[in-house]
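# Fold and contact review
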Amino acid sequence: MTKAHAGWLAGLVMTLLASAGWALDIPHVMVLPLVILLIWWGFSRTDLYLSAVLFLVPLSINLSEFGFTSIGWYMPTEPMLFALLLLVLAQWLSGQSFDRDFLRHPVTYVVGMGFIWMGLTILPSSDVVVSLKAWISRAWFIISFYVLLAAWFQRDIKARHRFLALLLVPLSMVIAYTLIRHAGYGFSKDAGHWVMKPFFKDHTSYGAVLALMLPPAIAMVFQSRQSMLSRVLWTLGAIWVATGTILSFTRAAWVSLAAAGCLWVLMCLGFRLKTLFAAGLAVFVGLIFSWDALVIQLERNKQDSSDDLAQHVESISNVSSDASNLERLNRWSCALDMFQERPVFGWGPGTYQFEYASFQKSDLRTIISTNNGDVGNAHSEYLGPLAEQGLLGGLFFLSLLLVTCHLGFKLQRTISNPDDRILALGIFLGLVTYFVHGVLNNYLDTDKASAPFWGFLAMLVVLDICNTERAQDLKKNDS
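The sections below set out a description of the structure shown in this document. Only a predicted model underlies this, so the values are computations on that prediction, with no experimental measurement involved.

Our focus in this paragraph is the layout of surface pockets. Over the atoms a probe the size of a water molecule is rolled, and this reveals where empty space is left. Roughly 590 Å³ of internal volume is contained in the second largest pocket. Elements with a contribution of two residues or more to the lining of the second largest pocket: α4 (77–93), α5 (100–103), α6 (106–120) and α7 (128–155). It is α6 that provides the largest number of residues to the lining of the second largest pocket, a total of seven residues. Tallied by class, residues from the lining of the second largest pocket come to 17 nonpolar, three polar and no charged.

Of all hydrophobic cores here, the largest spans 97 residues; its most connected members are F145, Y146, L400 and W454. In terms of residue count, helix α19 (residues 447–478) provides more of this core than any other element does, 14 residues in total. Residues in contact with L400, not counting those within four places in the same chain, are V107, V110, V111, F435, F453, W454 and L457.

In this description, a pair of aromatic rings is defined by centroid distance and the angle of the planes. Enumeration over the complete set of coordinates arrives at 21 aromatic pairs. Seen in terms of ring centroids, Y146 and W454 are 6.4 Å apart; in terms of plane orientation they differ by 70°. Their pairing is edge-to-face. With a gap of 308 residues between them, Y146 in helix α7 and W454 in helix α19 connect regions that are remote in the sequence. The residues Y146 and W454 share a single accessibility class, namely buried. On the basis of an interplanar angle of 10° and a centroid distance of 5.0 Å, the ring pair of Y352 and Y356 is categorised as stacked. Using a relative accessible area of 0% as the deciding quantity, one classes Y356 as buried. Aromatic rings pair up to connect F102, Y146, Y382, F397, Y434, F435, F453 and W454 into one cluster. Lying over the aromatic face of W347, R342 brings its terminal NZ or CZ to 4.1 Å of the ring centre. Cation over ring: K448 sits above F200, and NZ or CZ is 5.1 Å from the ring centre.

Take the side chain of Q226 next. In this fold, Q226 is placed in the loop between α9 (203–221) and α10 (228–246). For Q226, the side chain forms a polar contact with the main-chain oxygen of V221, separated by 3.5 Å.

How each quantity is defined
Residues numbered from 1 in each chain as written. Predicted model: local features only at pLDDT ≥ 70, side-chain atom pairs only at ≥ 80, totals over all residues. Heavy atoms only, no water. 1 Å grid on protein atoms, 1.4 Å probe; cavity = no way out; pocket = protein on both sides within 12 Å on 5 of 7 lines; lining within 4 Å. Points joined across faces, edges and corners; volume = space filled by probe spheres on them. Helix = DSSP H or I, 4+ residues; strand = E, 2+ residues; numbered from the N terminus. Nonpolar A, V, L, I, M, F, W, Y, C, P; charged D, E, K, R; others polar. Core = buried A, V, L, I, M, F, W, Y, C linked by side-chain atoms within 4.5 Å. Buried < 20%, exposed > 50% of the residue type's maximum accessible area, 1.4 Å probe, protein only. Contact = heavy atoms within 4.5 Å. Phe/Tyr/Trp six-rings, centres within 6.5 Å; stacked < 30°, edge-to-face > 60°. Lys NZ or Arg CZ within 6 Å of the ring centre and 35° of its normal. Polar contact = N/O pair within 3.5 Å; in protein donor to acceptor, adjacent residues only side chain to side chain.

Written out as structure tokens, the structure is:
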């Protein structure tokens, strides 16, 4: 029997199973063909399995929010990712390996060392079970969205565009769902906090993902090797994501996009990373010496968040009465105090929300403060690891920022292919939005943010490897 005949036979069997489930009103039997198909893809077509996961990421739902289960998994994506993790581990134990250039890349080195250190902080954790779960969760995100996606990008050039489309199409559906619900409430700010549920837990995570996706979507508009229909669709997609970002009322997303836009202008003007780093360091030192005066100036801002977009932007710097901003200061203070008490290994991955309550200071508590550990984490991708994994945990994420910026600037100088250079720029600026957003929030424990974040990193690394190989081939031909 040929593969084609086997495929047709398998399709016929699954169709009959689904029909039988429908006729007998047995939902489990109806789902069985889909499960069988996914299992087959997992073993024989990892690219199709990953494609299914990526498409489902923006549409996944956390069942714990409905009270169905206490397990905080996003369904159906995280069980699928866990199964894929087990499959990859089995393949690795059987002797299969990944591309050496990819494994030796500086970004991979930082990602790997950070993951290893995260695992080492489990044993001294204040809650070993919670930390182990957080580490395993990080494992399936990195393996699936960084390692396997990189292998897919290396095998198939078209996969880079498909990856973006597989995220953008379902995300556009979520935006449509959100805007329709939001319109029913007159696009008010208060309704904008929850109308994206159940697909996103709140407007901040929703805005962060939209900001991540906007620069690559814009970059795809300017790809020359595509049909006019594709260009129109990418243009509409970029406009749609921009509309969703504006109406998300997520101030951190707006700030992150403004920062990415400023960086793009500076890159176009020819500024080098070293110059920008030195300028940033000088500004940081200046802020330290003028901190008291800056705080006094910020405390004069009494503008709370508002339905008016201009007033909502103005409220970003309000640290005198805006509860959201003040609660961030409370969480950051707790994270720093937790780090001071356990500076080496931290309190353990995933434990911040269960430990920070006793570190709250009475003068920093707000009307939305809680001791129950049920309303979020450290609100920072930099301070969270510092509190949970000690000094090295914070340094590894900071190192990831630095190597990503170095790679982004390097690719703009060295890539000769215009389409690849524009794509690399869009991907890099998308990552910049998250690194900026990471100062105010942290979402890498969710599939929503992890898929584009780790996937974008993988694409930059592959673009760098391919560009290096192309340059080496040209040298060989010249010689």
